Amino acid sequence: MPFRRTSLRATKATGFYSPKRSRVVGSRVVTRDPDFSNVSLLLHMDGANGSNTFVDNSLNNFTVTANGNVQISNAQNKFGGTSAYFDGAGDSLSIASNSAFGFSTSAFTVELFAFLTADGAVGGTALFDFRTGLTGTPWTFYVANDGAGNRLGMYYATGTSFAEWNGSGPFLSLNQWYHIALVRDGSTYKAFLDGVQGTLTAGSANAVDLGTPKPCRIGAAADGTTAPYTGYIDELRITKGVARYTANFTPPVSAFPNQ
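This report concerns the structure included in the present document. Residue positions are given per chain, counted from 1 along the sequence in the order it is written. Reporting in this predicted model follows two pLDDT cut-offs: at least 70 for local features of residues, and 80 or more for side-chain atom pairs to be given and counted; totals over whole chains, interfaces and linings ignore these cut-offs and use all residues. Excluding hydrogens and water, the side-chain values take into account all heavy atoms of the structure.

Salt bridge, as applied in this entry: a Lys or Arg side-chain nitrogen positioned within 4 Å of an Asp or Glu carboxyl oxygen. For the coordinates displayed, the defined rule picks out seven salt bridges. Between aspartate 33 and arginine 244 there is a salt bridge, with the nearest N and O atoms lying 2.6 Å from each other. Here the residue aspartate 33 occupies a position in the loop between strand S2 (28–32) and strand S3 (39–43), and arginine 244 occupies one in the segment after strand S17 (230–240), the gap between them amounting to 211 residues. Of the two residues examined, aspartate 33 and arginine 244, each falls in the buried class. We note a salt bridge from arginine 151 to aspartate 146, for which the minimum N-O separation is 3.6 Å. Relative accessibility under 20% of the residue-type maximum defines a buried residue, over 50% an exposed one, and the middle range a partly exposed one, all with a 1.4 Å probe and only protein chains included. The class for aspartate 146 is partly exposed, based on a relative accessible area of 47%. When salt bridges with common partners are traced through the structure, they connect Asp33, Glu111, Arg237 and Arg244 into a single cluster. Secondary structure elements follow DSSP: runs of H or I of four or more residues count as helices, runs of E of two or more count as strands, with numbering from the N terminus.

Structure below.
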């Protein structure tokens, strides 16, 4: 199904943003996401233990390819009883190039729950990579550890120039669930860890064009083997055209809505 959008809201009016609205159907409360039509990808990481089938619950219903032996695991979960396990040896999830992942200069939000079982690499361990190859453009969102702790960062390249955001904290400990989000709000990039905005420092090209269309890879860099992630990921969502979080907020307390 093609990417559809009924509204394009770049920012929220307040810093706190709850991604849920509810309505009652009979005796059941149904949670709704007012920006669901803007969701590019929604992975709950639900399924049978050991399965390598991952379902996209966005309107796009993208085919998600499991690379290596990434699999559904019931050993850890944030919501729903299972999550995706990446063993750090060639595991990744990939979706073919699509305009849903080409954010150009618009607002966006990429977010997930992460449970690291190994420290990030000094040069970065990829959470999301939106490039066609290691020398391609434009960007990667990662966890890196240069000795001070596991911190969030973003790298982008445009032609022969590049810049990098190096977070100075807060830091991620091992074997603990965190909500992680990267948001472009206007011309500013913001990284959040459990709803707390960290520090991102970079060059002057905050409004760099992030292109369209692009592929999406999760858990490794563009080639599928470089900068592998080790640990669990649950409840992953990409929203195009919306800066869901603009200041410190309360992280989601339930699985992301399917509508």
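Another aspect to go through is the side chain of lysine 190. Assignment of secondary structure puts lysine 190 in strand S14 (residues 188–193). Within the structure, the side chain of lysine 190 is placed 3.0 Å from the side chain of aspartate 185, a separation counted as a polar contact. Residue contacts for lysine 190: discarding those within four places in its chain leaves Ala181, Leu182, Val183, Asp185, Gln197, Leu200 and Thr246. What qualifies as a polar contact is a pair of N or O atoms within 3.5 Å, subject to a donor-acceptor requirement within protein and to the restriction that residues adjacent in sequence count only when both atoms come from side chains. Contacts: residue pairs with any heavy atoms within 4.5 Å of one another.

Turning our attention to unusual backbone geometry. Residue proline 213 is bonded to the preceding threonine 212 through a cis peptide linkage, with omega at -10 degrees. By secondary structure assignment, the location of proline 213 is in the loop between strand S15 (196–197) and strand S16 (214–218). With a phi angle near 50 degrees, asparagine 61 is a residue other than glycine that sits in the positive phi range. Looking at the secondary structure, you find asparagine 61 in the loop between S3 and strand S4 (65–67).

The subject of this paragraph is the pairing of strand S6 (residues 83–87). A pair of strands counts as paired when DSSP detects no fewer than two bridges linking them. With three bridges joining them, strand S5 (residues 71–73) and S6 adopt antiparallel strand pairing. Bridge pairing links isoleucine 72 to alanine 84 in S6. Relative to S17, S6 runs antiparallel, the two being bridged by four bridges. Opposite phenylalanine 86, over in S17, you have glycine 231 as the bridge partner.

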